[in-house]
Amino acid sequence: EVDVIVIEGAGSPAEINLKQDDFVNMGLAKLVDAPVLLIGDIDRGGVFAQLYGTIALLEPDERTRVKGTIVNKFRGDRAILEPGLRQLEALCGVPVAGVVPYTTADIDDEDSLTERFSRDTARKLVDIAVIRLPKISNFTDFSPFERYENVSLRYVDHVGALGTPDMILLPGTKSTIADLRWLRERGLEAAILKEAAGGTLVFGVCGGYQMLGRKLHDPDHVESRVPELAGLDLLDMEVTFAREKETAQASGVVDASGWLASSNGILVDGYEIHAGQNQFGEKALPWLRIGNRVDGVMNEHGNVLGSYLHGLFDDGQLFAAIAAHIRKEKGIDTETQVPMTLDEYREREFDRIADIVRASVDMDAIYRIVRGEV
């Protein structure tokens with residue numbers, strides 16, 4: 001169905017200590033008979049040593065798969081690099097296919113590589129705090145908030161940084177139980193409970209949603225050796241971890257009571273990936289349904305909500321309702337509007353990157369490699 005499949009490696013293809021089990025770099029390239037482009041990050045320094053050293057450590061049959069190298073994140077005049085590029089080609093026997101300039105682009109980051117966590121963000125009219133869990137995942141659920149002029153999005157990992165936000169977000173996590181324990185050890189659980197008791201909005205997504213319940217059960221030790229752990233007890237539900245994860249694209253519809261009822265009928269698209277199964281009590285009030293199934297619930301006061309659906313803020317409709325509620329509670333008249341959906345915004349940013357790469361790389365050479373002509 002597609003013309004080209006691009007496989008992104010993980011780590012380095014020259015991790016010789018892991019070579020026998022490699023299935024994400026040269027091992028996979030060999031399995032599918034794929035040509036390889038080796039890309040070096042000059043912004044970290046030592047790019048010539050990176051590229052030459054990597055090729056030198058490859059097996060002879062692996063070297064023949066490398067059809068070109070690319071220098072990434074270069075700042076300055078390319079002419080300064082030219083002597084080094086020519087020498088690199090002579091040493092490696094592989095052409096340099098391009099030099100891509102350092103570019104700031106607002107695209108989704110990898111969990112472990114993002115710079116968003118360390119940004120010092122000033123408080124704005126609507127202040128949102130994301131709890132930066134140690135095993136945080138899918139935090140791009142909250143990227144849409146960064147595009148609002150009068151909304152601040154902060155990542156918080158200690159009580160002193162929490163302050164008094166308008167909304168606290170508990171994100172997804174690779175290990176709900178481990179991160180819930182961390183939350184307690186850091187004193188953040190008590191701080192969140194205090195804010196929730198005062199009426200602050202608290203919203204959990206996936207693993208963060210699970211933490212909001214009364215208890216978490218792990219009878220098969222899917223996440224830990226502990227069979228049961230108390231949750232934050234902000235939502236009337238219990239979670240049991242199953243051996244198999246649910247992974248699916250999904251569409252939900254808002255079907256709520258209270259302040260969110262004005263948004264009933266709003267459709268939100270996203271995906272689910274979780275091992276937890278929820279059992280709801282009488283005080284868990286549905287607000288989001290996927291088909292005939294209740295996905296998201298809220299507490300009786302309407303200030304604690306959760307959902308398994310990743311991406312539910314992408315099109316801006318749901319957050320527009322939340323932001324309007326926050327503004328009303330604070331007596332703020334300023335509107336909070338998004339100029340475009342997240343899909344449109346992402347497409348614009350990727351188009352911009354594509355234009356930069358196309359202008360910086362020998363695309364004719366890339367196409368020859370793709371066609372198997374070199």
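Not measured: the values here are computed from a predicted model. (Residues numbered from 1 in each chain as written. Predicted model: local features only at pLDDT ≥ 70, side-chain atom pairs only at ≥ 80, totals over all residues. Heavy atoms only, no water.)

Turning our attention to the sheet that holds strand β2 (residues 66–74). Strands sit in the order β1-β2-β3 across an open sheet of three strands; the sheet is parallel. The sheet is open, and its two edges are formed by β1 (36–41) and β3 (96–101), each paired on a single side. Strand-to-strand, the axes of this sheet are offset by a mean angle of 20°, without reference to chain direction. Helix α4 (residues 82–92) rests against β2 and β3 of the sheet, and its axis sits at about 145° to β3. (Pairing = 2+ DSSP bridges. Helix = DSSP H or I, 4+ residues; strand = E, 2+ residues; numbered from the N terminus. Axes fitted to C-alpha atoms, helices over the stretch in contact; angles between N-to-C directions. Contact = heavy atoms within 4.5 Å.)

The side chains of a regular strand alternate between both faces of the sheet. Side chains of strand β16 (residues 304–307) alternate between two faces, with Val-304 and Gly-306 and Leu-305 and Ser-307 buried alike. Taken together, the four bridges between strand β9 (residues 201–205) and β16 define a ladder with parallel strand orientation. Along β16, the bridge assignment pairs Val-205 with Ser-307. Where strand β15 (residues 293–298) and β16 come together, two bridges link them in antiparallel fashion. Residue pairing in the sheet places Val-297 in a bridge with Gly-306 of β16. Taking the residues between adjacent antiparallel strands as the criterion, β15 and β16 are bridged by five residues, where Gly-302 takes a positive phi near 80°. (Buried < 20%, exposed > 50% of the residue type's maximum accessible area, 1.4 Å probe, protein only.)

Moving on to the pattern of salt bridges. In total, this model carries 22 salt bridges according to the counting rule given. Ionic pairing is found between Arg-44 and Asp-41, a salt bridge with its closest N-O pair at 3.2 Å. For Asp-41, a relative accessible area of 16% corresponds to the buried category. The partner of Arg-154 in a salt bridge is Asp-127, and the shortest N-O contact between them spans 2.8 Å. Note that Arg-154 is positioned in strand β6 (residues 151–156) and Asp-127 in strand β4 (residues 126–131), a separation of 27 residues in sequence. When sorted by exposure, Arg-154 lands in the same class as Asp-127, which is buried. Each of the salt bridges in this network shares a partner with another, and the network as a whole consists of Arg-78, Glu-82, Arg-86 and Glu-89. (Salt bridge = Lys/Arg side-chain N within 4 Å of Asp/Glu carboxyl O.)

The tally for this structure, following the rule as stated, stands at seven aromatic pairs. With a centroid separation of 4.3 Å and 40° between ring planes, the pair formed by Phe-145 and Phe-319 is classed as tilted. One end of the pair, Phe-145, is in the loop between β5 (136–137) and β6; the other, Phe-319, is in helix α9 (residues 317–330), with 174 residues separating them in the sequence. Like Phe-145, the residue Phe-319 is buried in the burial classification. Geometrically, the ring pair formed by Tyr-209 and Tyr-308 is edge-to-face, given 5.1 Å between the ring centres and 70° between the ring planes. Remark: Tyr-308 occurs in the loop between β16 and α9 and Tyr-209 occurs in helix α8 (residues 207–211); sequence separation between them is 99 residues. According to the relative accessible area criterion, Tyr-308 is buried, its value standing at 4%. (Phe/Tyr/Trp six-rings, centres within 6.5 Å; stacked < 30°, edge-to-face > 60°.)

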